[in-house]
Each structure stands twice: as structure tokens, then as C-alpha cells.
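If you want the building blocks of each chain, they are given just below.
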Amino acid sequence: MVLCPVIGKLLHKHVVLASASPRRQEILSNAGLRFEVVPSRFKEKLCKASFPTPSAYAVETAKQKALEVARRMHQKDLRAPDVVIGADTIVTIGGLILEKPVDKQDAYRMLSRLNGKEHSVFTGVAIVHCSDRDGRLHTEVLDFYEETTVKFSELSEELLREYIDSGEPMEQPPVCPHAGPSRGAGHPQQRGAPPQAPGPRDADLNGAAEEKRPPFPTGLLELMEGFKASKALFTACKLNVFDVLRDQGPLKAVDIARKINASVCGTGRLLEACAALGLLHKTDAGYSNTEAADLHLVSDSAHSLHGLAVYNDSHVWDLFTHLDLAARDGAEQARGASGTKAERLFQSAETTLLFMRAMHGLSKLTARDVATAFDLSRFTSACDLGGCTGALAHELAREYPRLQVTVFDLPDVTEHARGFQPDGQRTEHVRFVPGDFFTDALPRAQLYVLSRVLHDWPDDRVHHLLSRISSCCEPGGGVLVAEAAAMEEEEAAAARRRGLQPLGALLLGAGRPRSARELGQLLQRHGFRDVRVAPAGDLLRVVLGSRAAP
């Protein structure tokens, strides 16, 4: 209630939060503030020793974060937002400043230092009021900080590891989720700054003092609402919103609605959702694409994932509505309700192309990482089994000038592959041969490639396919397998992505994800030796097995 007059004055102001922190967004949203999220790119490399107190360091970092966003938005849009809010949270113990951990090992070191001890949490906040005079940006900065003393509970090794694995310590300086009662002290540093204003962390710290109050289930609520964000993204892609804005943005909602042949009201709400998700920029001039949208969501961009979004919306979305049936009655019943994978993908030229566009975008995203995971220059011929549009094949041909690559895929796929071929050199090093790798004769090659293929199939079919490859592979040849990264090797976000794969396998087919170790054992069982594993970017692991040379 105290903030109502302030929030009322900001209703028609363009307020920007210079942070991607979900906690800070939650605090401002709960206060009733409408704002845009533009994460700061300020490099937090200020010399800590040059500041007289930890609070001064936190405040200056918050200030620089907010100013960086204000200047960037003014330069890009020729108009700055009305208000930019920056914040920085640090933890100190014994005069040492602890910031966001760089990895899980760093988080463990910090938490071990804090375990069972009392420490201070400082949150610096900077509120930058922006104005434009004669095309120049003018700013007025109000700043303050909040200090909270926290008693860190004595936690076992198991609980520390569990807390780290939750991912929460990686989003901010580590503060124990079971911390004891806290004592806060506000320190406004400039007249006009809000006295006793809470830092972004304090909602959790003060809640710890309440008796047996369970933590607010933010993560669960985000999971329950997550499908809405996906559907907003899919719908914007399907309506080609990002294509329109790439060519003509910024545009007002009424102009976008006219160009995509949709209602003004519905379009406006969709655009608001996309702006809130960080997919669009919203200014007085209208809506425009973010850098990520221009790069990945425009249908004809070099790194487009537009096809993947449309495919997920048109096929995978409907498929997952049968998840309860699959979980209760088994995969065969679910596939009976929605059709087999081949029936769904190749029932028409339109659905085949939809699938190929999705795979093309995903393959281009990882093709270079797969092609360069190992030195393959000793091979002069390769066969990409299930290579779809040839995105990986062309990358292999570019990387290894002596290599001739054959893409072997179903006739329905190779028939449409011509439309995906790149302009320029080295296309003569890639050819397409129609066939079924389970039944038809495999093209002869020194290297056989299976990229995102094996997880679609059950063990008996995988053994059958590898046996066929093994019988065709001459001494000195090899097989290259690329699949999703093993869960034990991933960060939390990647682990969550892979954790959903078994559901896709349940609905799409009888396959399953396999770890790099399991894939290596499969290759060894079929006569491949010198099995090696290498990462291929953030999504995949690549396994290379070789036949002994004569």
C-alpha cells in the first residue's frame, strides 16, 4: 500500500530492469510495477580494493549496470527509457567479497566457507532517471543499499551438493536456503532515494525469520505457466511476426496486425507477451526484434530455428496432449491415438517439409561443432545416414576439402532436399541417395555418420543398424555418432532439456536417450575400437569409433 502512489506515477513511464534475475523481476511484479527486462552487458570487473566498503562496491556496480543499459537503449532507439533500475548483490565474510559463482565447484567453495558462519549480504540499487535533450542522454542517479546479516545453518555435505544441483546458487551470490534469522539495516545514500528500501534478496531473507513458513514455490509456478510462453513463441513464428519486424520494424501493433491479417486486440496482447519474454523490444516507436529474434526466429535467417518452432507447434504440441495416455497405457496406445512417426511426418509433402525445416535449423546450429569435434581429415569419403537436408554433410565438406559425402535418407526426404542446398562452392562434394538404412544396401564409405539418429530407435534396431554399418566398414574406417550430452556431464539447464527426452521417445517411438559411455560400448560390441568421446557445443556429445587398419 505504501508504494501505491509511486507505482501510480510510473504506470505510463517506460521502466526498464537492467537484470535478468527472476527474483528481481518477481519483486517488481509483486509491487505492481510494469517494466521491460533488458539485461545489462556491463562487465563486473571493478577493482574491489578501490572501494572503502563492500556496500560502495555493490552500489557502483548497480549504477554501472543501469547506465550501460540506458546508454545502449538511447543509442539504439535514439530515445532512452524514462527509468532504468540496476541492482547488484554481494556476500561478504571476513571482509572478503563473494559474488556469483562461476561454476559448481566455485559455488561449493563459497558455500563451504559460509557453512555454519554469520555473513553479510549487501544489495546495491541504482535508479537512473533518463531524459533526452537535443539528442543527448542526460541521467540523474539515485542509489542506496541494504545490508542483511545472515546466520548460515550448519549443512551436511549432501545438503550442500543438493542445493548446488538445484541451480539457485548459480543465479546469485550463495546464501543458504536454511539461513537463520536476519537483521537488516537500510542506508539511503542520496536525498530522494527510498529509505529502508528492500534489496532484491531480502524477501527471502526476511521470510526465513517466520516460523516454519515454506518457501514460495516460484519454480513450480514457472513450470505450470511455462507452456504459455512456448505457445506465445510458436504463435508469433507461425504468424511470421518476426519476419515482418525484421523487414519493417519498429511497427505499432495496429500495423503488425494488418500485415499478418489478425485482430488488433489479439495481436497487441501477443506482442506484449513476446516483449515480456525478451523476444521483442517495445519503445514509443513500436515493436522491433531483439538480436536473438533476428538471428533465430526470422524464417530465412542463416541460423533460423523458425522451422523448429512451427514444427513443435503443429506436431509435437498435439502429441504431448497424449502424454497421460502414454504414461498410463503405454507407448503403443499413445501412438495408436496420434499415429506412428512415419505416418505423421510423411503423410503429405507439406508435413515432410515441415519436419525437414525443423531438422535443418537444428542441424545447422550444431553442424560445425559435430564436424570439428575430431580431426576427420584422414577420411576421403563419408556417408551421413539419416542426414535429412545435408546441413551436416555440407559442413563436413567445407571443413575437409578432400571429403566426398553421401546423404542417405528416405526417398520422401531426398526428393525435397534440393530446396535446402546452400549457394556457393563445394556443393559438388555432397550427393543424395534415397534409401532405408534398415533394409537397403548402404553406400560404401570410409566414415559412417549417425547424428541424432540412434535415440529414435529401440536397442534391437540400434544393434541391427550398427551391425549393418560394421559389415560395410572397411579396416581403417570408422563411425561417428552424435547424440544429446550425457546427463552427468551437463549443467542444470542442459540436464533439464535432456530429462524431457524420454517423454519424447515415449510418444514419438520406442527409442531412448543413451549416454556417451553407453554409445561407446555399443560401438565396441560391433567391432569398433579406439572409441573416443568429445563435446560438440552445449547440446551434443560425439563418439568416434575406428576399425583397426590392416
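Remember, it's a predicted structure, so these values are computed and weren't measured experimentally.

Attention shifts here to the pattern of salt bridges. A full pass over the atoms with the stated rule returns 16 salt bridges. As a salt-bridge pair, Glu272 and Lys282 come within 2.4 Å of each other at their nearest N and O atoms. Here Glu272, found in helix α10 (residues 264-276), pairs with Lys282, found in strand β8 (residues 280-283); they are ten residues apart in sequence, far enough to count as distant. Among the residues examined, Glu272 registers a relative accessible area of 31% and is labelled partly exposed. Residues Glu395 and Arg398 are paired through a salt bridge, measuring 3.1 Å at the closest nitrogen-oxygen approach. Highlighted residues: Glu395 and Arg398, both in helix α17 (residues 391-399), separated by three residues, approximately one helical turn. On the accessibility criterion, Glu395 (13% relative accessible area) is buried. Among the residues examined, Arg398 registers a relative accessible area of 43% and is labelled partly exposed. Each member of the salt-bridge network shares a partner with another, and the members are Arg368, Glu395, Arg398 and Glu399.

Quick look at a nonpolar patch on the surface now. There is a patch of nonpolar side chains on the surface, built from Phe216, Leu220, Leu221, Leu223 and Met224 and spanning about 570 Å² of accessible area. Residue placement: Leu223 occurs in helix α7 (residues 218-238).

With that settled, the discussion passes to the nonpolar core. Counting residues in each nonpolar core, the largest one holds 37 residues, and the members touching the most others are Phe242 and Tyr287. Listed by contribution, the elements that provide at least two residues to this core are α7, α8 (241-248), α9 (253-260), α10, α12 (306-320) and α16 (349-371). With sequence-adjacent residues up to four places away left out, Phe242 is seen in contact with Leu233, Ala236, Cys237, Leu279, Leu280, Asn289, Ala293, Leu297 and Val298.

With respect to burial, strand β16 (residues 540-546) is a largely interior element, seven of its seven residues being buried. Here seven bridges tie strand β14 (residues 478-484) to β16, and the two strands are oriented antiparallel to one another. Across the sheet, residue Val481 finds its bridge partner in β16, namely Val543. Here six bridges tie strand β15 (residues 529-536) to β16, and the two strands are oriented antiparallel to one another. Counterpart to Arg532 in the pairing with β16 is Leu544. Connecting β15 to the antiparallel partner β16 that follows it, the hairpin turn spans three residues, and Gly537 within it adopts a positive phi of roughly 70 degrees.

Here we come to the packing of helix α19 (residues 459-472) against helix α22 (residues 516-525). At their nearest, the axes of α19 and α22 sit 10 Å apart, and the two run at 50 degrees to each other. In terms of axis orientation, α19 runs oblique to α22. Read as a crossing pair, α19 and α22 show a hand that is right-handed. Residue-level contacts link Val462, His463 and Leu466 of α19 to Leu522, Leu523 and Arg525 of α22. In terms of residue class, the contact of α19 with α22 is built from four nonpolar, one polar and one charged.

Both the distance between ring centres and the angle between the ring planes are used here to describe each pair of aromatic rings. Counted according to the given criterion, the structure contains six aromatic pairs. Seen in terms of ring centroids, Phe122 and Tyr145 are 6.1 Å apart; in terms of plane orientation they differ by 45 degrees. Their pairing is tilted. With Phe122 in strand β5 (residues 118-133) and Tyr145 in strand β6 (residues 136-151), this residue pair connects regions lying 23 residues apart in the sequence. Its relative accessible area of 11% is what places Tyr145 among the buried residues. Aromatic side chains Phe234 and Trp317 sit 6.3 Å apart centroid to centroid with 85 degrees between the ring planes, which places their arrangement in the edge-to-face category. Note that Phe234 is positioned in helix α7 and Trp317 in helix α12, a separation of 83 residues in sequence. Judged by relative accessible area, which is 27%, Trp317 ranks as partly exposed.

Mean pLDDT over the protein stands at 80; residues scoring 70 or higher make up 81%. Under a pLDDT of 50 for its full length, residues 333-343 has, in the predicted model, 21 contacts with residues more than four places off or in other chains. Predicted confidence for residues 487-499 stays below pLDDT 50, and this span has 20 contacts to residues more than four positions away or in other chains.

The next thing to look at is the environment of Thr351. The topology assignment puts Thr351 in helix α16. When the C-alpha positions of Thr351 and His315 are compared, they lie 9.1 Å apart, and in sequence the two are 36 residues distant.

Note the cis peptide between Gly249 and Pro250, where omega equals 0 degrees. Relative to the helices and strands, Pro250 is located in the loop between α8 and α9. Backbone geometry at Asn261 places phi at a positive 60 degrees, although glycine is not the residue there. In this fold, Asn261 is placed in the loop between α9 and α10. Taking the relative accessible area as the measure of exposure, Asn261 reaches 74% and is therefore exposed. For Cys388, which is not glycine, the phi dihedral falls at a positive 55 degrees. On the basis of relative accessible area, Cys388 is assigned to the buried category, the value being 7%.

Scoring rules and cut-offs
Residues numbered from 1 in each chain as written. Predicted model: local features only at pLDDT ≥ 70, side-chain atom pairs only at ≥ 80, totals over all residues. Heavy atoms only, no water. Salt bridge = Lys/Arg side-chain N within 4 Å of Asp/Glu carboxyl O. Helix = DSSP H or I, 4+ residues; strand = E, 2+ residues; numbered from the N terminus. Buried < 20%, exposed > 50% of the residue type's maximum accessible area, 1.4 Å probe, protein only. Patch = residues over 30% accessible without salt bridge, like charges linked within 9 Å, V, L, I, M, F, W, Y side chains within 5 Å. Areas by Shrake-Rupley, 256 points an atom, 1.4 Å probe, with all protein chains shown as cover. Core = buried A, V, L, I, M, F, W, Y, C linked by side-chain atoms within 4.5 Å. Contact = heavy atoms within 4.5 Å. Pairing = 2+ DSSP bridges. Axes fitted to C-alpha atoms, helices over the stretch in contact; angles between N-to-C directions. Parallel < 35°, antiparallel > 145°, perpendicular 65-115°, else oblique. Left-handed = near helix turned anticlockwise from the far one by under 90°. Nonpolar A, V, L, I, M, F, W, Y, C, P; charged D, E, K, R; others polar. Phe/Tyr/Trp six-rings, centres within 6.5 Å; stacked < 30°, edge-to-face > 60°. pLDDT = per-residue confidence, 0-100.

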